[in-house]
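Single-letter residue listing:
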Amino acid sequence: MPGVRDVSAEDFISAYASHLKRSGKLEVPVWVDIVKTGSFKELAPYDPDWYYVRAAAVARHIYLRKDVGIGALTKLHGGRHGRGNRPSHHADCSASVQRKVCQSLEKIGVLEQTDNGGRRISQDGMRDLDRIATAVVEAAKEDEEDEEEEEEEEEE
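Keep in mind that what you see is a predicted model, and the values were worked out from it rather than measured. (Residues numbered from 1 in each chain as written. Predicted model: local features only at pLDDT ≥ 70, side-chain atom pairs only at ≥ 80, totals over all residues. Heavy atoms only, no water.)

(A) Representation of the overall build of the protein in the model. Helix and strand content of the protein: five helices and four strands. The order of helices and strands in the protein, counted from the N terminus, is α-α-α-β-β-α-β-β-α. In terms of its C-alpha atoms, the protein occupies a principal-axis envelope of roughly 60 × 45 × 30 Å. For the protein, the proportion of its 156 residues judged to be buried stands at 38%. Partitioning the intrachain contacts of the protein with sequence separation of at least 6 by distance along the chain shows that 60% fall at a separation of at least 24. Carbon and sulfur atoms provide 45% of the accessible area of the protein, an area that totals close to 9,900 Å². (Helix = DSSP H or I, 4+ residues; strand = E, 2+ residues; numbered from the N terminus. Buried < 20%, exposed > 50% of the residue type's maximum accessible area, 1.4 Å probe, protein only. Contact = heavy atoms within 4.5 Å. Areas by Shrake-Rupley, 256 points an atom, 1.4 Å probe, with all protein chains shown as cover.)

Right, here's the structure in full:
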């Protein structure tokens, strides 16, 4: 049975983000359309569904590791801070955004807190993510079969 590790990150994150949006269980804060995701950014994200994508990326990241704190997630989603004509440096993203994403995922039962203050994936969350990964693999197989059929028809 394929797991999250067997699927490309891009395919899995887009599939899980659409699942979170369709289910409607993930509580999205009211400020998501105006907030910047880091102090080094100039504008808010253009994608109106960025919160679901971030939640899916955080869930996948925590699934692949034992437990993760907010500080590690801020480093993960940080980026390049342009400092004018001086050399660029790495800057961390907003810890508040990461904390709210984790709290939203905790409310729907995907994550749980550990004793040391970090977050880890719950049993329900693990089952949910594995189910999405299996669906992504099956969809990829169907696409490959459709392409093969089209190629055979073109050859004839």
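(B) Inspection of helix α5 (residues 123-155) at higher detail. Between its terminal C-alpha atoms α5 stretches 49 Å, which fits the 48 Å expected from 33 residues at 1.5 Å a residue. Three or more residues of α5 are buried, namely Gly 125, Asp 128, Leu 129, Asp 130, Ile 132, Ala 133, Thr 134, Val 136 and Val 137. Those residues of α5 hidden inside the fold are in contact with α1 (9-23), α2 (50-63) and β4 (119-121). (Expected span 1.5 Å × (residues − 1).)

(C) Geometry of the nonpolar core. Ranked by size, the top nonpolar core spans 34 residues in total, and within it Phe 12, Tyr 16, Leu 105, Val 110 and Leu 129 carry the most contacts. Elements supplying a minimum of two residues to this core: α1, α2, α3 (70-76), α4 (95-107) and α5. Sorting elements by how many residues they give to this core places α2 first, with ten residues. (Core = buried A, V, L, I, M, F, W, Y, C linked by side-chain atoms within 4.5 Å.)

(D) Spotlight on the side chain of Gln 98. Looking at the secondary structure, you find Gln 98 in helix α4. According to the relative accessible area criterion, Gln 98 is buried, its value standing at 0%. For Gln 98, the residues in contact, after removing those within four places along its chain, are Arg 54, Val 58, Ile 70, Leu 73, Thr 74, His 77 and Cys 93.

(E) View of the packing of aromatic side chains. Here the structure, examined in full by the defined rule, presents two aromatic pairs. When the ring of Phe 12 is compared with that of Tyr 16, the centres are 5.8 Å apart and the planes differ by 10°; the resulting orientation is stacked. Here Phe 12 and its partner Tyr 16 are both found in helix α1, four residues apart, which amounts to about one turn of the helix. Looking at Phe 12, the relative accessible area reads 0%, which means it is buried. Tyr 16 gets classed as buried once you look at its relative accessible area, which sits at 0%. Relative to Tyr 51, the ring of Trp 50 has its centre 5.8 Å away and its plane inclined at 80°; by these criteria the two rings are edge-to-face. Look at Tyr 51 and you get buried, because its relative accessible area is 1%. (Phe/Tyr/Trp six-rings, centres within 6.5 Å; stacked < 30°, edge-to-face > 60°.)

(F) Structural detail: the pairing of strand β1 (residues 79-83). Of the pairings in the sheet, the one linking β1 to strand β2 (residues 86-91) comprises four bridges and is antiparallel in character. When the sheet's bridge partners are listed, His 81 is paired in β2 with His 89. The antiparallel pairing of β1 with β2 creates a hairpin that spans two residues between the two strands, and Gly 84 there sits at a positive phi of about 80°. (Pairing = 2+ DSSP bridges.)

(G) Spotlight on the environment of Val 110. Residue placement: Val 110 occurs in the loop between α4 and β3 (111-113). Sequence separation between Val 110 and Asp 124 is 14 residues, and the spatial gap between their C-alpha atoms is 6.2 Å. Setting aside residues up to four positions removed in sequence, Val 110 forms contacts with Tyr 16, Ala 59, Leu 105, Arg 120, Ile 121, Ser 122, Gly 125 and Leu 129.

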